[in-house]
Amino acid sequence: MSYTPQNLAELKVLMLFNSPTSLEGIKIHKSAAADVIAAAQHLHAGGFITQVDGGYLTQLGIETAEHAHSLFYLLNSTGPE
C-alpha cells in the first residue's frame with residue numbers, strides 16, 4: 001500500500017494549516033496548482049475543511065491534521081544514528 005498523488009496533495013493542504021488546533025483558516029486561490037485545488041475540494045467533500053477553497057478545519061479535519069503534522073515531524077526528526 002502506498003500514498004496516491006491525491007493523498008499527498010491532501011496532506012500538503014492539511015500541512016498548510018499552521019497549527020491544527022488554531023482558529024486560523026486558509027484560502028486556496030484559483031491560481032493554485034490544480035492538484036492543490038482538487039485536494040481542497042476532496043477534503044471539503046469528505047468533511048475535513050469547511051469551504052471548498054480552504055476555510056477552517058472541522059473536528060475531523062483537526063484530528064487528521066494533527067496526525068499529518070505528527071507524521072511529518074516524526075519523519076523529519078533527527079533520530080539516533
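Conventions and cut-offs
- Residues numbered from 1 in each chain as written.
- Predicted model: local features only at pLDDT ≥ 70, side-chain atom pairs only at ≥ 80, totals over all residues.
- Heavy atoms only, no water.
- Salt bridge = Lys/Arg side-chain N within 4 Å of Asp/Glu carboxyl O.
- Helix = DSSP H or I, 4+ residues; strand = E, 2+ residues; numbered from the N terminus.
- Buried < 20%, exposed > 50% of the residue type's maximum accessible area, 1.4 Å probe, protein only.
- Core = buried A, V, L, I, M, F, W, Y, C linked by side-chain atoms within 4.5 Å.
- Contact = heavy atoms within 4.5 Å.
- Lys, Arg positive; Asp, Glu negative; His and termini not counted.

This next bit is on the pattern of salt bridges. Evaluated as defined, the whole model comprises 1 salt bridge. Of the charged contacts in the structure, one is a salt bridge between D53 and K27, with a shortest N-O distance of 2.3 Å. Linking D53 in the loop between β2 (49-51) and β3 (54-57) with K27 in strand β1 (residues 26-27), this pair joins segments that are 26 residues apart in sequence. On the basis of relative accessibility, which here comes to 23%, the residue D53 falls in the partly exposed class.

Once that is clear, we can look at the nonpolar core. Among the nonpolar cores identified, the biggest contains 15 residues, and V13, L14, I49 and L57 are the most heavily contacted of them. Breaking this core down by element, the ones donating at least two residues are α1 (5-15), α2 (34-45) and α3 (59-76). Looking at this core element by element, the count peaks at 4 residues for α2. In contact with L14, not counting residues within four places along its chain, are L43, L57, T64, A65, A68 and H69.

With that out of the way, let us pick up the side chain of E10. As for its placement among the helices and strands, E10 is situated in helix α1. For the buried E10, no salt bridge is present, and the opposite-charge side chain at shortest range is K12, 13 Å distant. The contact partners of E10, leaving out residues within four places of it in the chain, are A39, H42 and L43.

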